[in-house]
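# Residue-level structural notes
Spelled out, the chains give:
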Amino acid sequence: MHRMLFSYLKRLINKESVAIKIKTPEQIEGIRDSSKLAAKTLKYVEDFVKPGVTTLELDALIEKFVRDNGATPATKGYRGYKHASCISPNEVVCHGVPNQYVLKDGDILNIDVTTILNGYFGDTCKMYYVGTPSDYAKKLVETTKECLCLGMEECKPGAHLGDIGAAISDHAHANGYSVVYEFCGHGVGLKFHEEPDVQHIAKRGTGPVLKQGMIFTIEPMINAGKARCKIDRRDGWTARTIDDKLSAQFEHTILITEEGFEALTDVYGDF
Ligand code: MF3
Ligand code: CO
Ligand code: CO
C-alpha cells in the first residue's frame, strides 16, 4: 500500500502517469503527410512577409493555401479561435491573433500553422525577418532555433522527456535569455493537443521515457527579457512578454524512431 502510494506520487511528480499514445505505421504516414503540408505552408507564405503587409492578409493567404491542398486549418474554431494561423510579431510570445498590424522593416515575426489532413494533425512554426533585423533580434532568433535543435537531439528511445527541456533551457540561459514556462509543447497527430506536455525548462532524467512511435511537438519560446507573459485583454489570445521585450519561437512535430527521431515538419532540411 505504502509502496503503491509512493510510486503513484513519484509518477505524478515526474508526470510519468500520462498515457502517451504510440502511433501505428498507418497513423504515422498520415501525420507525416499533414506535417509536410504545414511545413510547405510556412514556406509558401515566406515571399509575402514584407513591410506594408498586415498579419490578417498573411492569414488569408495561409487559409487559402491549406484549403487548396485538401486540408483544414486546425486553429479555426478551436476553442473559439477564428483564424487559420497564429501570427506573433516582436514582443508577442505566441497565439498572436492576425489583425490590421502592418509589418515594418526590422520586425521579427512568428507564424504557426497546424493542418488537419485526412484527419491527421501537423504542427509547426518558424521565425521570419521583415526586411533587415537588428543584431539584437537576429541573435535571439538564431539562439531560439539552436534551442529547438538541441532539444530535438535529445530525442531517442530510452531518453526522458525532461532531457529536452534541460537542453533547451541550458542553452537559452547560457545566452542570457529566459524560457517561457506558461506554454509548452504537446503530443500531436490524432488530436491537436495530446499527452504529454513538453516543458521547455526541465530537469534531466525526469518525466516519461521516450518510446518509438511517440509523436509530440517541441516549440520553445525564448525571451530577451523576463519569462512571464500577459494575455491581451481585448482579443483574449495574444500572449505578450510582460516587459514588452522580444520573443522568438520555432516548432517541429517530432516522431521518435528506433534510432532517434525524425522531425516530420522539417521538410526543407533547415535543422
Ligand atoms: N499551434 C499552436 C501550438 O503550437 C496552438 C495554437 S492554438 C490557437 O500549439 F488556438 F491559439 F490557435
Ligand atoms: Co504546437
Ligand atoms: Co503550433
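Here's what I pulled together on the structure shown here.

What counts and how
- Residues numbered from 1 in each chain as written.
- Chains lettered and ligands numbered in written order.
- Predicted model: local features only at pLDDT ≥ 70, side-chain atom pairs only at ≥ 80, totals over all residues.
- Heavy atoms only, no water.
- Helix = DSSP H or I, 4+ residues; strand = E, 2+ residues; numbered from the N terminus.
- Buried < 20%, exposed > 50% of the residue type's maximum accessible area, 1.4 Å probe, protein only.
- Polar contact = N/O pair within 3.5 Å; in protein donor to acceptor, adjacent residues only side chain to side chain.
- Contact = heavy atoms within 4.5 Å.
- Donors = N, O, S within 2.8 Å, 3.2 Å for Na, K, Ca; no water.
- Tetrahedral: all angles 85-135°; square planar, octahedral: opposite > 155°, others 65-115°.
- Salt bridge = Lys/Arg side-chain N within 4 Å of Asp/Glu carboxyl O.
- Near = heavy atom within 4 Å.
- Areas by Shrake-Rupley, 256 points an atom, 1.4 Å probe, with all protein chains shown as cover.
- Nonpolar A, V, L, I, M, F, W, Y, C, P; charged D, E, K, R; others polar.
- Pairing = 2+ DSSP bridges.
- Axes fitted to C-alpha atoms, helices over the stretch in contact; angles between N-to-C directions.

## Quick word on the side chain of Thr265
- Looking at the secondary structure, you find Thr265 in the segment after β15 (261-263).
- In this structure Thr265 comes out as buried when scored by relative accessible area, which is 3%.
- At a separation of 2.7 Å, a polar atom in the side chain of Thr265 contacts the side chain of His252.
- The residues contacting Thr265, other than those within four sequence positions of it, are Ser35, Ala39, Asp123, Thr124, Glu251, His252 and Thr253.

## Structural notes on unusual backbone geometry
- Put simply, Glu195 and Pro196 share a cis peptide bond, and its omega is 5 degrees.
- Backbone geometry at His95 places phi at a positive 55 degrees, although glycine is not the residue there.
- Taking relative accessible area as the criterion, His95 reaches 28% and is therefore assigned partly exposed.
- Of note in this structure, Asp244 is not a glycine but carries a positive phi near 60 degrees.

## Things to note about the coordination of the cobalt ion (ligand 2)
- Only Asp123 (OD), His186 (NE2), Glu219 (OE) and Glu251 (OE) from the protein reach the cobalt ion (ligand 2) as donors, at distances of 2.0 to 2.2 Å.
- Geometry at the cobalt ion (ligand 2) is irregular, judged from its 6 donor atoms and the angles of 51 to 159 degrees they form at the metal.
- Binding-site remark: the cobalt ion (ligand 2) is held by donors from one chain whose sequence spacing is D-x62-H-x32-E-x31-E.
- Taken as an interatomic distance, the gap from the cobalt ion (ligand 2) to the cobalt ion (ligand 3) is 3.2 Å; Asp123 donates to each of them. You can see His186 sitting in strand β7 (residues 185-187) and its partner Glu251 sitting in the loop between β13 (247-249) and β14 (252-256), a full 65 residues away along the chain. Exposure class is identical for His186 and Glu251. Each is buried.

## As for the pattern of salt bridges
- Going through the model one piece at a time under the given rule, you end up with 13 salt bridges.
- Note that Asp107 and Lys104 form a salt bridge whose closest N and O atoms lie 2.8 Å from each other.
- Residue classification places Lys104 among the partly exposed residues on the basis of a relative accessible area of 44%.
- Its salt-bridge partner being Arg240, residue Asp232 comes within 2.9 Å of it at the nearest N-O pair.
- A single network of salt bridges, built from pairs that share partners, joins Glu29, Arg32 and Glu262.

## Section: the coordination of the cobalt ion (ligand 3)
- The cobalt ion (ligand 3) binds to the protein through Asp112 (OD), Asp112 (OD), Asp123 (OD) and Glu251 (OE), with metal-donor distances spanning 2.1 to 2.3 Å.
- Around the cobalt ion (ligand 3) sit 6 donor atoms; with metal-centred angles ranging over 58 to 169 degrees, the donor geometry is irregular.
- Spacing between the donor residues of the cobalt ion (ligand 3) along their common chain follows D-x10-D-x127-E.

## Notes on the site of ligand 1
- Among the 14 residues in the neighbourhood of ligand 1, the closest are listed as Thr75, Asp112, His186, Glu219 and Glu251.
- Interatomic distance of 3.1 Å between a side-chain N/O atom of Asp123 and an oxygen atom of ligand 1.
- At 3.0 Å, a side-chain N or O of His186 approaches an oxygen atom of ligand 1.
- Starting from 340 Å² of accessible surface for ligand 1 in isolation, the protein chains cover 96%.
- In terms of residue class, the shell around ligand 1 is made up of 5 nonpolar, 5 polar and 4 charged.

## Observations regarding the sheet that holds β13
- Spatial strand order, β6-β10-β13: 3 strands in an open sheet with antiparallel pairing. Two strands in the sheet have a free side with no partner beyond their single neighbour: β6 (178-179) and β13.
- In this sheet, β13 lies alongside strand β10 (residues 221-223) in antiparallel orientation, the contact comprising 3 bridges. If you follow Asn223 over to β13, its bridge partner there is Ser247.
- Along the sheet, helix α4 (residues 135-153) contacts β10 and β13; its crossing angle with β13, the most-contacted strand, is approximately 35 degrees.

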